[in-house]
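So you can see what is in the structure, the chains are spelled out below.
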Amino acid sequence: MTAGNRLTPNPTIIAVFGLYLRGWSRADIAVELQCSTENVRNYITIIYNHFALPAYRFHKREARRQKLIEVAQMRGFIY
């Protein structure tokens, strides 16, 4: 089953979400979680899709990440 179709929370996605919001790079997250940077990239895409933040709306990656932080705060995922 793919990570985006799971019925229960995926602990790896949750970890990627937390580290990514703290400003960690994809490479650093991959090392920390002992997975490939491609997997991290896919998890980040799943996270953005969950929050309805498609890449075409943003000109820069950092602007998209900042919007993710705002939306996550508004929805109570982070403080």
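Shown above is the structure to which this text applies.
Nothing here was measured: the structure is a model prediction, and the numbers come from that model.

### Concerning the packing of helix H1 (residues 11-21) against helix H3 (residues 37-50)
- Between H1 and H3, the least distance of the axes is 10 Å, while the angle of their chain directions is 85°. In terms of axis orientation, H1 runs roughly perpendicular to H3. Residue-level inspection shows Thr-12, Ile-13, Val-16, Phe-17 and Tyr-20 of H1 in contact with H3, the latter providing Val-40, Tyr-43, Ile-44, Ile-46, Ile-47 and Tyr-48.
- Across the contact of H1 with H3, the residue classes break down as ten nonpolar, one polar and no charged.

### As for the nonpolar core
- If you look at the biggest cluster of nonpolar residues, it comprises 20 residues, and the most contacted ones within it are Val-16, Phe-17, Ile-47, Phe-51, Leu-53 and Leu-68.
- Elements with a contribution of two residues or more to this core: H1, helix H2 (26-33), H3 and helix H4 (61-74).
- It is H1 that contributes the most residues to this core, six residues altogether.

Conventions adopted
Residues numbered from 1 in each chain as written. Predicted model: local features only at pLDDT ≥ 70, side-chain atom pairs only at ≥ 80, totals over all residues. Heavy atoms only, no water. Axes fitted to C-alpha atoms, helices over the stretch in contact; angles between N-to-C directions. Helix = DSSP H or I, 4+ residues; strand = E, 2+ residues; numbered from the N terminus. Parallel < 35°, antiparallel > 145°, perpendicular 65-115°, else oblique. Contact = heavy atoms within 4.5 Å. Nonpolar A, V, L, I, M, F, W, Y, C, P; charged D, E, K, R; others polar. Core = buried A, V, L, I, M, F, W, Y, C linked by side-chain atoms within 4.5 Å. Buried < 20%, exposed > 50% of the residue type's maximum accessible area, 1.4 Å probe, protein only.

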